[in-house]
Amino acid sequence: MTADSRLAPIADYFATRGWQPLTFQAETWAAYLTGHSGLVQVPTGSGKTYAAVMGPLAEMIAAPTAGLQLLYITPLRALSRDIEQAIKLLIEAMNWGITVESRTGDTSSSRKTKQLKNMPNVLITTPESLAVMLSYKDGAKRFGNLRAVVLDEWHELMSSKRGTQAELCVGHLRSLQPDLRTWAISATLGNLEEAAQTAVGLGTEPVIIRSNLKRDTVITSIRPESVDTFPWAGHLGLRMFETLIEALDLEKSTLIFTNTRNQAERWYQALQFALPNEVDRIALHHGSIDVKEREAIEAGVKSGDIKWVVCTSSLDLGVDFQPVERVVQIGSAKNLARLLQRAGRSAHVPEGTSEVFFLPTNALELLEISAFRRGLELGDMETRRPQHKPYDVLVQHLVTLACGDGFEPQKTLDNVRRTVAYADLTEAEYQWILDFIENGGQCLGAYPRYKKVVREEGLFKVSDAKLARTHRMGIGTITSNTPVKIVYTTRREIGTVEEAFVSRLKKGDVFFFAGRQLEYFQMKDMVLYVKNTKRKSTVTPSWGGGQLAISDTLSHHLRREVEQVRSLIQVFSSSNAQVRSPQPLAGDDPSATPLFKGGRGDLQDLANAEILTIAPILEAQQRLSTLPSADELLVESCKTREGQHLYVFPFEGRFVHEGLGFLWGYRFAKQKTATFTISVNDYGFEILGPKGYPYQDLFSSDFFSLENLEDDIRASLNISELTQRKFRGVAQVAGLVFKGYPGSRKTSSQLQVSTSLLYEVFTKYEPDNLLLKQAEREVLQDQLETHRLTQTLRRLDQRSVVWKDTQRPSPLAFPLLVERLNSRMSNETLLERIQRMKDQWEKR
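Structural notes, computed from the coordinates. These figures come from a predicted structure and were not determined experimentally.

Considering the overall build of the chain
Here comes step 1: Summing up its helical and strand segments, the chain has 33 helices and 25 strands in all.
Here comes step 2: Relative to its full complement of 844 residues, the chain shows a buried share of 58%.
Here comes step 3: Contacts in the chain between residues far apart in sequence, at least 24 positions, make up 75% of those at least 6 positions apart.

A look at the environment of D152
Here comes step 1: Here D152 is to be found in the loop between β5 (148-151) and α9 (154-157).
Here comes step 2: Residue D152 is classed as buried on the basis of its relative accessible area, which comes to 2%.
Here comes step 3: As a C-alpha pair, D152 and I185 span 33 residues in sequence and 5.0 Å in three-dimensional space.
Here comes step 4: Those residues in contact with D152, other than ones at most four positions away along the chain, are K48, Y72, I73, T74, P75, I83 and I185.

Looking at the sheet that holds strand β3 (residues 100-103)
Here comes step 1: Strand order in the open sheet made by the seven strands is β3-β4-β2-β5-β6-β1-β7, with parallel pairing throughout. The sheet terminates laterally at β3 and β7 (207-210), the two strands that pair on one side only. Going across the sheet, the axis of each strand differs from the next one's by a mean of 15°, ignoring polarity.
Here comes step 2: Pairing geometry for strand β2 (residues 70-73) and strand β4 (residues 122-125), over four bridges, is parallel. Its bridge partner being in β4, L70 is matched across the sheet by V122.
Here comes step 3: Contacting β3 and β4, helix α6 (residues 109-117) crosses the sheet at an angle of about 120° to β3.

A look at the packing of aromatic side chains
Here comes step 1: In this structure the tally under the stated criterion is 27 aromatic pairs.
Here comes step 2: Taking 5.6 Å as the distance between ring centres and 75° as the angle between the ring planes, the aromatic pair formed by F14 and W29 counts as edge-to-face. Here F14 is found in helix α2 (residues 8-17), whereas its partner W29 is found in helix α3 (residues 23-33), with 15 residues between them in sequence.
Here comes step 3: You can call F14 buried: its relative accessible area is 2%.

Details of the pattern of salt bridges
Pairs can form between side chains of opposite charge whenever their charged atoms are close.
Here comes step 1: Tallying each qualifying case throughout the model produces 35 salt bridges.
Here comes step 2: With its nearest N and O atoms 2.6 Å apart, the salt bridge here joins D392 to K161. Taken as a pair, D392 in helix α17 (residues 391-403) and K161 in helix α10 (residues 161-176) lie far apart in primary sequence, 231 residues in all. Across the pair, K161 and D392 agree in class, each one buried.
Here comes step 3: Its salt-bridge partner being E710, residue R714 comes within 3.5 Å of it at the nearest N-O pair. Highlighted residues: R714 and E710, both in helix α27 (residues 709-716), separated by four residues, approximately one helical turn.
Here comes step 4: Classification of R714 as partly exposed rests on a relative accessible area of 25%.
Here comes step 5: Given a relative accessible area of 37%, E710 falls into the partly exposed group.
Here comes step 6: Taken together, the shared-partner salt bridges in this structure form one network comprising R559, E652, E785, R788, R795 and R799.

Some words on the environment of F14
Here comes step 1: Here the alpha-carbon distance between F14 and L90, two residues 76 residues apart in the chain, equals 9.7 Å.
Here comes step 2: Beyond its immediate stretch of four places on either side in the chain, F14 contacts W19, Q20, P21, Q25, W29, Y50 and M54.

Observations concerning α10
Here comes step 1: The terminal C-alpha atoms of α10 lie 23 Å apart, and with 16 residues this matches the ideal 22 Å at 1.5 Å per residue to within 8%.
Here comes step 2: When you tally the buried positions in α10, you get 14 out of 16 residues, the bulk of the element.

Quick notes on the pairing of strand β18 (residues 510-513)
Residues in a regular strand project their side chains so that they alternate between the two faces of the sheet.
Here comes step 1: Covered by surrounding structure in β18 are V510 and F512 together with F511 and F513, the residues of both alternating faces.
Here comes step 2: Bridge analysis of β18 against strand β19 (residues 516-524) gives four bridges, and the strand direction is antiparallel. Bridge pairing links V510 to E519 in β19.
Here comes step 3: Where β18 folds back on β19, the antiparallel hairpin that results is connected by two residues, among which A514 adopts a positive phi of roughly 55°.

A look at α27
Here comes step 1: Inspection of α27 places L709, D712, I713 and S716 among the buried residues, and these make up the whole buried set. Burial along α27 is one-sided: seen end-on, the buried residues are contained in an arc of 100°.
Here comes step 2: Check the buried side of α27 and you find it contacts α25 (654-671), α30 (770-783) and α31 (786-798).

Comments concerning the packing of helix α7 (residues 127-134) against α10
Here comes step 1: Where α7 contacts α10, the two axes come as close as 9 Å, and the packing angle between them is 40°. Between α7 and α10, the crossing angle belongs to the class labelled oblique. Judged by the sense of rotation from one axis to the other, the crossing of α7 with α10 is left-handed. Residues P127, E128, L130, A131 and L134 of α7 form the contact with α10, whose participating residues are R162, Q165, A166, C169, H172 and L173.
Here comes step 2: Along the lines of polarity and charge, the residues of the contact of α7 with α10 split into seven nonpolar, two polar and two charged.

Topic: the sheet that holds strand β23 (residues 677-680)
Here comes step 1: In spatial order, the strands read β23-β24-β22-β21-β25; together these five strands make up an open sheet with mixed pairing. Single-partner strands in this sheet number two, and they are β23 and β25 (800-805). Recorded for the sheet is a direction-independent mean angle of 20° between the axes of neighbouring strands.
Here comes step 2: Relative to strand β22 (residues 643-649), strand β21 (residues 632-640) runs antiparallel, the two sharing seven bridges. Each residue of the ladder has a partner; that of V635, found in β22, is V648.
Here comes step 3: Against the sheet, α25 engages β21, β22, β23 and β24 (685-689), with an angle of about 30° to β24.

Scoring rules and cut-offs
Residues numbered from 1 in each chain as written. Predicted model: local features only at pLDDT ≥ 70, side-chain atom pairs only at ≥ 80, totals over all residues. Heavy atoms only, no water. Helix = DSSP H or I, 4+ residues; strand = E, 2+ residues; numbered from the N terminus. Buried < 20%, exposed > 50% of the residue type's maximum accessible area, 1.4 Å probe, protein only. Contact = heavy atoms within 4.5 Å. Pairing = 2+ DSSP bridges. Axes fitted to C-alpha atoms, helices over the stretch in contact; angles between N-to-C directions. Phe/Tyr/Trp six-rings, centres within 6.5 Å; stacked < 30°, edge-to-face > 60°. Salt bridge = Lys/Arg side-chain N within 4 Å of Asp/Glu carboxyl O. Expected span 1.5 Å × (residues − 1). Arc of directions from axis to C-beta. Parallel < 35°, antiparallel > 145°, perpendicular 65-115°, else oblique. Left-handed = near helix turned anticlockwise from the far one by under 90°. Nonpolar A, V, L, I, M, F, W, Y, C, P; charged D, E, K, R; others polar.

This is the structure in structure tokens:
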């Protein structure tokens, strides 16, 4: 049967819907049926699921076989439900007789047991659920008829440890079924070729299929009527909720994206307060809310009963919300790909126009949205890199295989090296890992529980059933963060929250969660029991990982925006004797002409609305200091009662600035000893030292030097403490600590003690332990982004340094000062402290 004739049932289905296959869909089916693997890059909502599954379904109809034939791997459980329903509907409509099921953490134990004995033809699952399946015996039989694997939302999955887990699991499936084809589905990436190769494995030439569908993204900013000349993070935000409500229409289905769950909870409360008669049409959705409630919200959006949903990244990915007409982004998305992904939630149809409303949480974010437009117009996009040799994931994977049918070490090494993540895994590293899981390595040989595998007839196997059971329970630790269940005293579940938050509460405390006002009743066995209350509270759950940093791609365009504004100011200031902002500052001549009015025409002709809105800030910055060009590095110094401030503005993102701030602090202190305080944001960093500290006299090109960079970073930070924290996660993934059985879970403090002991033992007796080295590497590369820091230092070395001594912190410096104040304990509120400082400056 030819490839074309095998597609006849697919053509019949499309005909019943009155559709024509899109070009990229037909190309994908043809490539699949001719035996190729590859990657499909399409905008969100363009029919990617049909592109991925119709080829395998056509093959299954033409040559029916029992057992599992198509494995569809998705990063989110919510996606698996949608995909299962979508595939079931088309199969049932055409009566094709193909069975479809999903298997995730939400699937019942009885269903999972039945699946292991009798697999469906199509299975939708997650990376960790696939790993658990591989940990059972008879894997070769269970996956023996598998024809294809689809990796959905590959752009999200690839760069995480779960992506590495998927690489290893699919690589093992290829060893069981050499003709297996792999297809990844991805949104736009800056490195599609690398993403495709990572998906299909080394040794296979991937086919990359790009859609020719054009999807426009319209960004509309919701701007304040006026801005404070000295902005700070969060000074707008919720103050503008009435402006947001006026800009939106409750009859239009809208997703309101925030960057953190904390922010989502607060905005949901604000909308409920503003629209008390519409609370049934407004919902809150984030990853900590109970799965049943999330499902009910998703169903409400699809049916049209719920119109506005305040959400986080839990709805970033491909849950199909065709009724959604509009998307709102609260605060900068910090990343071009993230904004495009969220924009794609609206007009979820091929060649639709995505509409995004952007509401800034501080005025300078309007500059970022201008940079977003510039980047999208040029078609720029961030890259996502696969992980490089995460040893903890490989340790877990090898024990997983040993729990199943066992593994032969040399063949498994060959398979592992065909993944991009472990392509350069050395023989010595592999032997260390084998010794670690067989004998406990150099330090843990005296403890039987660390001797996980035994050799039997050339295969490594787990022979202890209890050990295999505890290992399976730990497979999900790649995504776990010590969650605590939140349950009503009636035992109805509400959701989960990290224990770090719960540990700060005491009985009787009131907090907001999932839009409810709850009172802490009691904590037992990692379950927090609560009850509804009307008592007031100032406590909102604050989860880790909330702060996002601007990407390297966006930072490039942000620097260009600053340069463009500077050029405009120079053009217009040349025609004005004096320059002032529309909102005069102390010391301004009231007769001066505002820069952005009059002169040689109106700036409106040259600048966009965002630039016009923040004109007072930019004018004040130019007057009090300067706006740097793209080939300049602005450094400001000023003296206050607190000490000598150094403000540096590379515009490279919060994480890079953190590393840069500590590095420069260390390099200053090497020349003249002092104690420094560092604060950072996306635009720059502050070093606060003693009064009169001679920053400029000590400064030289050595501050941009790459020589001994990692050693200097280690010396500048408490690297051992950061590494110890990171090691906690590495140890859990590698199976060195066990969280306990359900109902008797260890607390995070107990786990911390366990991992701390292991960390101390390895540091003292085996400093070359690979898991220890990995933890430090993750601190340097992931937390401090040393690869970007290296690139930044090279770039900064090419720029001319512009030093400015200012009488007070400039508008760019002010947010850094507030960032530091915000972390201090005081009986004054932050707003009171900010106002007091401004009053002092006015008196000067």
